[in-house]
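This is what each chain is made of:
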Amino acid sequence: MLEGAEVRLAVDIGGTFTDIVLDVGQDRKTRKLLTTPQRPEQAVLDGMRLILADARAHISDIDVFIHGTTLATNAIIERRGAKTALIATDGFRDVLDIGTESRYDQYDLSIDKPKPLAPRSLRFTVPERIDAHGAVRLPLDEAAVRALAPRLRALNVESVAIAFLHSYANPEHERRTAAIISEEMPGISVTVSSAVCPEIREYERTSTAVANAYVQPLIDGYLARMSDALQVEQYRGAIYLVTSGGGVTSIETARRFPVRLVESGPAGGAIFAAQIAARLGESKVLSFDMGGTTAKICLIEKYQPETSRVFEVDRAARFLKGSGLPVRIPVIEMVEIGAGGGSIAHVDAMKRVTVGPESASSEPGPACYGRGGLRPAVTDADVALGMIDADDFAGGTIKLDPELSKQALLRAVGEPLGLSAETAAYAVHEVVCENMASAARVHAVERGEIVGQHTLIAFGGAAPLHAARVAEKIGVSRVIVPSNAGVGSAVGFLAAPIAYELVRSRHVRLDDFDTDGVSDLLQEMVIEARALVETGAAGAPVRERRAAFMRYVGQGHEISIELPNRRLATTDLAGLRQKFEADYASMFERPIPGAAIEVLSWSVLATTEARNPPRVADVARMPAGKASGSRKFFDGRAGGLIEIPLYRREDMAPGATIAGPAVIAEDETSTFVSTSFDAHIDGAGSIVMERKAA
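Residues numbered from 1 in each chain as written. Predicted model: local features only at pLDDT ≥ 70, side-chain atom pairs only at ≥ 80, totals over all residues. Heavy atoms only, no water.

A tally of helices and strands in the protein yields 16 helices and 36 strands. Taken over C-alpha atoms, the radius of gyration comes to 26 Å for the protein, in line with the 26 Å a tight globule of 694 residues would show. In the protein, which comprises 694 residues, the proportion classed as buried is 57%. In the protein, the proportion of contacts linking residues at least 24 apart, taken out of those at least 6 apart, comes to 68%. Surface summary for the protein: the accessible area is close to 28200 Å², and the carbon and sulfur share equals 51%. (Helix = DSSP H or I, 4+ residues; strand = E, 2+ residues; numbered from the N terminus. Rg over C-alpha atoms; globule rule 2.2 N^0.38 Å. Buried < 20%, exposed > 50% of the residue type's maximum accessible area, 1.4 Å probe, protein only. Contact = heavy atoms within 4.5 Å. Areas by Shrake-Rupley, 256 points an atom, 1.4 Å probe, with all protein chains shown as cover.)

So, on to the nonpolar core. Phe288 and Trp602 are the most contacted members of the largest nonpolar core, which totals 197 residues. By size, the runner-up hydrophobic cluster in this structure holds 20 residues, among which are Leu122, Ile162, Ile181 and Val192. (Core = buried A, V, L, I, M, F, W, Y, C linked by side-chain atoms within 4.5 Å.)

Right, let's talk about the sheet that holds strand S10 (residues 189–192) for a bit. Taken together, the four strands give an open sheet; going across it, the order is S6-S5-S9-S10, and neighbouring strands pair in parallel fashion. Only two strands of the sheet have a single partner each, and these edge strands are strand S6 (123–126) and S10. Each adjacent strand pair in this sheet contributes to an overall mean axis angle of 20°, direction not counted. Here helix H4 (residues 142–154) sits on the sheet in contact with strand S5 (84–89), S6 and strand S9 (159–163), set at roughly 160° to S6. (Pairing = 2+ DSSP bridges. Axes fitted to C-alpha atoms, helices over the stretch in contact; angles between N-to-C directions.)

Strands belonging to one sheet form pairs held by backbone hydrogen bonds; the direction of such a pair is parallel or antiparallel. The strand order across the open sheet built from four strands is S30-S31-S33-S34, with neighbouring strands paired in mixed fashion. Across the chains shown, the open sheet's two edge strands, defined by having one partner strand only, are strand S30 (629–635) and strand S34 (670–673). Neighbour to neighbour, the strand axes of the sheet diverge by 30° on average, direction disregarded. Relative to strand S33 (residues 662–665), strand S31 (residues 640–648) runs parallel, the two sharing three bridges. Note that in S33 the partner of Tyr647 across the bridge is Ile664.

What follows is about the pairing of strand S27 (residues 559–563). Because side chains alternate across S27, one face comprises the buried residues Ile559, Ile561 and Leu563, and the other comprises Ser560 and Glu562, none of which is buried. Hairpin connection of strand S26 (residues 543–552) to S27: six residues between the antiparallel strands, including Gly554 at a positive phi of 95°.

A word on the state of the cysteines. Within this structure, the stated rule accounts for zero disulfides. Free of any disulfide, Cys433 has its nearest cysteine sulfur in Cys368, 17 Å distant. (Disulfide = S-S within 2.5 Å.)

Glancing now at the pairing of strand S14 (residues 295–301). Within S14, seven of the seven residues are buried, leaving the element largely enclosed by the surrounding structure. Relative to S14, strand S13 (residues 284–290) runs antiparallel, the two sharing seven bridges. Bridge pairing links Leu286 to Leu299 in S14. Connecting S13 to the antiparallel partner S14 that follows it, the hairpin turn spans four residues. Looking at chain direction, S14 and strand S20 (residues 335–337) are connected through three bridges and run antiparallel. Considered in S20, the bridge of Ala295 is made with Ile337. Bridging between S14 and strand S15 (residues 304–305) involves two bridges; their strand directions are antiparallel. Residue pairing in the sheet places Ile300 in a bridge with Pro305 of S15.

For the rest of this paragraph, the subject is the packing of aromatic side chains. Throughout the structure, instances matching the rule amount to eight aromatic pairs. Their ring planes at 75° and their centres at 5.3 Å tell us that Phe272 and Phe459 sit as a pair that is edge-to-face. Highlighted residues: Phe272 in helix H9 (residues 264–280) and Phe459 in strand S23 (residues 455–459), separated in sequence by 187 residues. The exposure class of Phe459 is buried, given its relative accessible area of 1%. Ring geometry for Phe633 and Phe672: centres 4.9 Å apart, planes at 35°, overall tilted. (Phe/Tyr/Trp six-rings, centres within 6.5 Å; stacked < 30°, edge-to-face > 60°.)

Further remarks concern helix H11 (residues 402–417). The terminal C-alpha atoms of H11, which comprises 16 residues, lie 21 Å apart, in line with the 22 Å expected from a rise of 1.5 Å per residue. In the structure, H11 departs most strongly from a straight axis at Leu410, where the bend amounts to approximately 50°. Of the residues making up H11, those classed as buried are Ser405, Ala408, Leu409, Val413 and Gly414. Those residues of H11 that are buried are in contact with strand S21 (343–347), strand S22 (353–359), helix H10 (378–385) and helix H12 (421–446). For H11, the N-terminal capping position is held by Asp401, with its side-chain oxygen 3.0 Å away from the main-chain nitrogen of Glu403. Backbone geometry just after H11 places Gly418 at a positive phi near 70°. (Expected span 1.5 Å × (residues − 1). Bend = angle between axes of the 7 residues up to and from the residue. Polar contact = N/O pair within 3.5 Å; in protein donor to acceptor, adjacent residues only side chain to side chain.)

This part is about the environment of Ser676. Along the chain, the position of Ser676 falls in the loop between S34 and strand S35 (677–681). Here Ser676 falls in the partly exposed class, since its relative accessible area comes to 23%. Residues Ser676 and Arg469 lie 207 residues apart in sequence; the distance between their C-alpha atoms is 9.0 Å. Once you skip the residues sitting within four places of it in the chain, Ser676 turns out to touch Glu472, Glu690, Arg691 and Lys692.

A cis amide bond links Gly660 with the next residue in sequence, Pro661, at an omega value of 10°. For Pro661, the position within the fold is in the loop between strand S32 (656–659) and S33. Its identity as a non-glycine residue notwithstanding, Lys351 has a phi of 60°, on the positive side. Take Lys351: it is sitting in the loop between S21 and S22.

Take the side chain of Ser686 next. Note on placement: Ser686 falls in the loop between S35 and strand S36 (687–691). Exposure remark for Ser686: the relative accessible area of 2% places this residue in the buried category. Once you skip the residues sitting within four places of it in the chain, Ser686 turns out to touch Ile480, Val481, Pro482, Ser483, Arg649, His680 and Ile681.

Since the α-helix turns once every 3.6 residues, residues separated by three or four places project in the same direction. Of all eight residues in H10, eight are buried, a share of seventy percent or more. Every buried residue belonging to H10 is among Val378, Thr379, Asp380, Ala381, Asp382, Val383, Ala384 and Leu385, and all of these are buried. Just beyond H10, the residue with positive phi is Gly386, at close to 95°.

Okay, structure coming up:
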């Protein structure tokens, strides 16, 4: 037993690697293993045993187990979810096809819209109708619901989503339909839209309910197996899942609402970057998280990542809003592209080098893994360039074969274009860096930000290798690679608060405001949200944040305005108008004098306090001293091999300074310092790259 110290374990299952972090008091240990896609819990359990052996501990010593995963997202993208049916109101069978009636690219005549998760052949309707105020206009035809059960069984449906018109105002018909289906088909997964997304906007609510139903059997089965395996291993602590909004929730809630987990891994990365920003006093940050399968980019202002209420999964067009499946949940705002270490490179019909979004994942993995992969991935390019030590990858747990990388690059890129293996590798590296730079530019422009004014915080197994080149492309002059960057998302999990946010729609105008009705609704939401948080808070204080989503009458979108944590009174209305108009003016230059204002939805966030790190003091800089070795690196701009110094991160003391080009290696990742940058180690142990003076 480990006496006195709190033991916390975090696990992040990615598409390629499973990252594990163990904190025993102030001591931290990390591990990286290849993900086992058929049974993801296997890599988790294997990694836990290894890291506990490193710490000379037993699984029963762990107090808290925090888990995040991209399984839900990957299941939607790869269409590996359950066979899902949708039951809708009569006349609304095609909500998923009609969508918002908008086109994400107005001038593309052959536009490809994402295929709904429930095909038309699995969409059914029943007679019922509730109006926008919650009044029953047409009673539910229960016989029609029962008549659907034999048809669903005959079609081997595994999961059912129920989304009726205006169920956010009155969920009675959805709940009764769910009860009938569960009675007729015991054991089937059932999702009701009024529970998973009780908000207006029929298309987004239906899409969210279907997405939840689509991944529920997969995630529920996985979490059940994980929970059982932990019990067998004598685990007695608490288990939490990270949500897309950056909080953690109970395993029971995650099994009911797995759609809340679609961005749990990337959310951990954003939390990690925000913590680093706060620790270093960096108020404008662009977080850059590049793992084995995807790259995620997020703006962080004043130590807080931007948040949103809608996320799009499986976009048909990489940078175009509206080209994906909308999921209406609280989520950290970021852009995610298929650009990771496992992203596959090839030459297209126009003789262009392209990278991703298809990934080699962990099976078979990049060619250099020697596990049967024949197509070159980004990791193969980095190995061929000399940026990665083939004998010390992932702390020496995975041996890489550079010759397999070169052969794959020659076959797929070099021979079609008449390039050497090294030049082909340089082309792949340049293209993937440009893809990520483009994503950063678009993300910043959409939010009215100048990307070059931000500090880049790079983490994930692959980001430190590419961060300097991405920074050069987008005009960033300062790059930070924190300690434990290779497992950054898992480290972020350990800092996440226990939190849950509820959003419910109820339309109210400020000039006809029902203060008692709204106050009662908010109090119900507070009780429900607190109940979901307090069970895991272990006595820690729980605070709440109430908000109203407001707009001028007739507008299409709302602004979130914070509310006081008490019952509302008529005297609050003038203050609400003032707050709304001030925020509106900050976004759109001026308010609309005298225009009527309405509230569409209400939000309550219950949360414990996040673990805020102390500020880091400046340290005096000094030369790093002798390098621990050197590495042959192919400089694409010079067109030949050059010798560059190799430093071990653990050998570099705070203040140690080097000039690029160089490689700083560690067990979890390696950082490439390009010719444009100098680098030093700060007081927190982070690698800080600063652009050299012209």
